[in-house]
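Each chain, letter by letter, is given below.
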Amino acid sequence: MDILLTHGYFLYEDPKELQIMKPYPPLGILYICSHLRQKGLNAEVFDSTFSSRQQLWDLLKQGPPSILGIYANLMTRSTVVEILGVAKELGWQTLVGGPEPGAYVHEYLAAGADVVVIGEGELTLEELVPALHSHSIDKLHQIDGIAFKAQDGSVVRTKPREQIRDIDAQPWPARELIDMSRYVEVWREHHGMGSVSLITARGCPYHCRWCSHEVFGKTHRRRKPASVADELEWLINRYRPQMAWIADDVFTIHHGWLFQYAAEIKKRGLKLPFECISRADRLNSRVVETLADIGCFRVWIGSESGSQRILDAMERGVTVEQVQTAVSLCRSAGIQTGMFLMWGYEGEELSDIEATVEHVKNTDPDIFFTTVAYPIKGTPYFSEVADRVENLKLWKESSDREFRIRSRHSRQFYKFADKLLRSEVELRRLGLKADADEAGLAALRSGIAEARAGLQATHSEAEA
Ligand code: B12
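Here the residue index of a chain counts from 1 through its sequence in written order. Since the coordinates come from a predicted model, pLDDT governs what is reported: local features require at least 70, and pairs of side-chain atoms require 80 or more to be given and counted, while whole-chain, interface and lining totals use all residues. With hydrogens and water stripped out, all remaining heavy atoms of the structure feed into the side-chain values.

Please set out the nonpolar core residue by residue, giving values where relevant.
The biggest cluster of nonpolar side chains holds 92 residues, and the ones touching the most others in it are Leu 125, Leu 128 and Leu 291. Each helix is a run of DSSP H or I of at least 4 residues and each strand a run of E of at least 2, with the numbering of both proceeding from the N terminus. In terms of residues, this core owes the most to one element, helix H16 (residues 411-431), which gives eight residues. Beyond its immediate chain neighbours, meaning those up to four positions away, Leu 128 contacts Leu 95, Val 115, Val 117, Leu 140, Ile 143 and Ile 146. The set of buried Ala, Val, Leu, Ile, Met, Phe, Trp, Tyr and Cys residues whose side-chain atoms join them within 4.5 Å is what this entry labels a nonpolar core. Working definition: with a 1.4 Å probe on protein chains only, accessible area under 20% of the residue-type maximum means buried, over 50% means exposed, and in between means partly exposed. Only heavy atoms enter the contact rule, under which two residues are in contact if any of them lie within 4.5 Å.

Here it is in structure tokens:
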């Protein structure tokens, strides 16, 4: 074996994910694997999702030691660090890649990675794997898109790796190397619908200040509609799913592309229900009707805030009205909407929180999720608050989600904001029903009063 690829996500160790049970395969390492195989390298995958650490340790022990490449994101850091430690001890050479390591080169090298791969992995690994097998550190200096420790202990970062120009020329992810049917089955068992995932493009050209662009920068490369339709058709024939998730950052960026794709899907009779993420400013009535026509049943929209001031501070490039219009267009077309909302962005005050509550009440999406903003290293948001960021834990035991920002409101404050939002939305929904239960309405009203009092009481408490 020339390289073993893995990721640090073990579903069965995560009580929260065990309740959600919506796993998808790690497309990034599967794309790398199919590319390397096409180039004649013997690449294998250890898919940790349904496995245990012990199974991985056994495989690494079994050897013979080769190269282990690990995908890391901000949630899997501590597991990836543990895998690095075990692999090094057993004599493996180690690489890390994915959206997080480029922002923490020194830390990952100190944690046992021999090389950090920055950006897209395919072309870099095609050169890096043979170089590592030849044990020639000199060759590493010639490989773009990596960071490593030179013989004198200094950290070398080579030139950025050029992106793959024609992503249609790439082979599809090597799904046949993992237990794909298990993913589809888990979905079917827990949600009544087996699901598959695919991507139609790479990269997002927008510049929301909190978003991580570590892998693809601000570029946007799309596949050809027919190529995506081919992959979808293959997925349907091979795994018989009842739905799909299009895992692009923003599915409806390019309207012309969407209309061509829709024509292709319709021509082939491939109407598989699907969900996707989009932006309100990339949805209009023709786009929404087209989405409905080809089976889209839910669109996720990053609404973030109901305060235009905060949206502008995020450089979101969207107005509150656009979000309201997009949600109502989707509703008229029979498409559900899911909304992501963020508390605590720089400058957010009580009045902005009230504006968000009003916005969600008026817009009434089918589902919404809230997060307290966290500054991901490498983003403009992180740079803006860097001198106030504190991490109470050791790097290898924590994640960027655990950052505390000095002088921001306390976690308790945002819990009250959440309670206010949920109770207000619920009250509105219940209030619209003719047979609304009076006791239920009264309980929600008192919850709202408590949340507002809590917000006032904790308003001057700082986070860290
Ligand atoms: C799909 C997705 C998910 C799915 C994951 C399902 C799955 N298994 O794929 C779900 C919804 C579960 C999810 C959840 C989360 N996600 Co997410 N997600 C994505 C998304 C939209 C697409 C991933 C994808 O398939 N990309 C396409 C492939 C081709 O790209 P790739 O994975 O990056 O792989 C390339 C390179 O990274 C590199 N590479 C990858 N692996 C390796 C390994 C080695 C050894 C090497 C050398 C190179 C390498 O080469 C690959 C091919 O070029 C990305 C954004 C994006 N466009 O990538 C965000 C993204 C990865 N998610 C992100 C975040 C923050 C989260 C959450 C923390 C959100 C939350 N608040 O809960 C959780 C974490 C979940 C967890 N426990 O890990 C961030 C990560 C930021 C960071 N610095 O880590 C991203 C980048 C979004 C963003 N822009 O902020 N996510």
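Moving on, there is more to tell.
Explain the environment of Val 184 residue by residue, including any values.
Topologically, Val 184 is positioned in helix H8 (residues 180-191). Along the sequence, Val 184 and Leu 27 sit 157 residues apart, while their C-alpha atoms lie 15 Å from each other. Not counting the four nearest positions on each side in its chain, Val 184 is found in contact with Gly 194, Ser 195, Val 196, Tyr 239 and Pro 241.

Kindly report on the pattern of salt bridges, identifying the contributing residues and their values.
When their charged atoms lie close together, side chains carrying opposite charge are able to pair. Salt bridge, as used here: a side-chain nitrogen of Lys or Arg that lies within 4 Å of a carboxyl oxygen of Asp or Glu. According to the stated counting rule, one finds 36 salt bridges in the structure shown. The partner of Glu 275 in a salt bridge is Arg 298, with the nearest N and O atoms 2.9 Å apart. Of this pair, Glu 275 sits in strand E12 (residues 274-278) while Arg 298 sits in strand E13 (residues 296-304), and the two are 23 residues apart along the sequence. For Arg 298, a relative accessible area of 12% translates into the label buried.

Provide a residue-level description of the packing of aromatic side chains, including the pertinent values.
Note on ring pairs: Phe, Tyr and Trp rings are taken, using the six-membered ring of Trp, and paired if centres are within 6.5 Å. Classes follow the plane angle, with under 30 degrees stacked, over 60 edge-to-face and the rest tilted. Following the criterion strictly, the structure yields 17 aromatic pairs and no others. Members of the aromatic cluster, each reached through a chain of ring pairs, are Phe 251, Trp 257, Tyr 261 and Phe 274. Distance and angle both matter: a charge sits over a ring if NZ of Lys or CZ of Arg is within 6 Å of the ring centre and within 35 degrees of the ring normal. Cation over ring: Arg 77 sits above Tyr 104, and NZ or CZ is 4.7 Å from the ring centre. Its end group placed over the ring of Trp 257, Arg 222 keeps NZ or CZ at 4.1 Å from the ring centre.

Before we move on, can you summarise empty space enclosed by the protein with the specific residues and values?
Here the term cavity refers to a set of points on a 1 Å grid, laid over the protein atoms alone, in which a 1.4 Å probe fits but cannot get out; the term pocket refers to an open set having protein on both sides within 12 Å along at least five of seven lines, with lining residues being those that place an atom within 4 Å of a point. Grid points are joined across faces, edges and corners, and a volume is the space filled by probe spheres set on the points. The tally for this structure, following the rule as stated, stands at two cavities of 30 Å³ or more. Here the largest cavity is characterised by a volume of approximately 80 Å³. All amino acids are sorted into three groups, where Ala, Val, Leu, Ile, Met, Phe, Trp, Tyr, Cys and Pro are nonpolar, Asp, Glu, Lys and Arg are charged, and the leftover types, Gly among them, are polar. Looking at the lining of the largest cavity residue by residue, the class counts come to six nonpolar, two polar and three charged. In this structure, the second largest cavity encloses a volume near 60 Å³.

Can you tell me about the pairing of strand E4 (residues 93-97), naming the residues and giving the values?
In terms of burial, E4 is a largely internal element, five of the five residues being buried. Side chains of E4 alternate between two faces, with Gln 93, Leu 95 and Gly 97 and Thr 94 and Val 96 buried alike. Pairs of strands are assigned from DSSP output, requiring at least two bridges between the strands. Direction of pairing for strand E3 (residues 67-71) relative to E4: parallel, over a ladder of five bridges. Directly across from Ile 67, in E4, lies its bridge partner Gln 93. Read as a crossover between parallel neighbours, the route from E3 over helix H4 (residues 77-89) to E4 is right-handed. The parallel pair E4 and strand E5 (residues 115-117) is bridged by helix H5 (residues 105-110), and the resulting crossover is right-handed. Seen with its strands pointing away from the viewer, a crossover is right-handed if its path from the first strand over the helix to the second goes clockwise.

Explain the packing of helix H10 (residues 255-267) against helix H11 (residues 285-293) to me, and be specific about the residues and the numbers.
Contact geometry for H10 and H11: axes closest at 10 Å, N-to-C directions at 25°. Our classification of the angle between H10 and H11 gives roughly parallel. Crossing of H10 against H11: the hand is left-handed. Contacts from His 255, Leu 258, Phe 259, Ala 262 and Lys 266 in H10 reach Arg 286, Val 287, Thr 290, Leu 291 and Asp 293 in H11. Tallied by class, residues from the contact of H10 with H11 come to five nonpolar, two polar and three charged. For helices, the axis comes from a line fit to the C-alpha atoms of the stretch in contact; other axes are also lines fit to C-alpha atoms, and the angle between any two N-to-C directions lies between 0 and 180 degrees. Geometric relationships in this document are graded by angle, where less than 35 degrees denotes roughly parallel, more than 145 denotes roughly antiparallel, 65 to 115 denotes roughly perpendicular, and other angles denote oblique. Note on convention: the crossing is left-handed when the near helix lies turned anticlockwise from the far helix by less than a right angle, right-handed when the turn is clockwise.

Kindly report on the environment of Ala 449, identifying the contributing residues and their values.
If you trace the backbone, Ala 449 turns up in helix H17 (residues 438-458). Note on Ala 449: relative accessible area 48%, which makes it partly exposed. Expressed as a C-alpha distance, the spacing of Ala 449 and Leu 420, which sit 29 residues apart in the sequence, is 8.3 Å.

Break down the packing of helix H9 (residues 225-239) against H10 for me, citing the residues and quoting the values.
In a packed pair of helices, the relevant descriptors are the angle between the two axes and the axis-to-axis distance. Viewed as axis vectors pointing N to C, H9 and H10 meet at an angle of 45°, and their least axial separation amounts to 9 Å. When the interaxial angle is binned, H9 and H10 end up oblique. H9 and H10 meet at a crossing whose hand is right-handed. Facing Pro 225, Ala 226, Val 228, Ala 229 and Leu 232 of H9, the residues of H10 in contact are Trp 257, Gln 260, Tyr 261, Glu 264 and Ile 265. Taken together, the residues of the contact of H9 with H10 break down into eight nonpolar, one polar and one charged.

These figures come from the coordinates and say nothing about function on their own.
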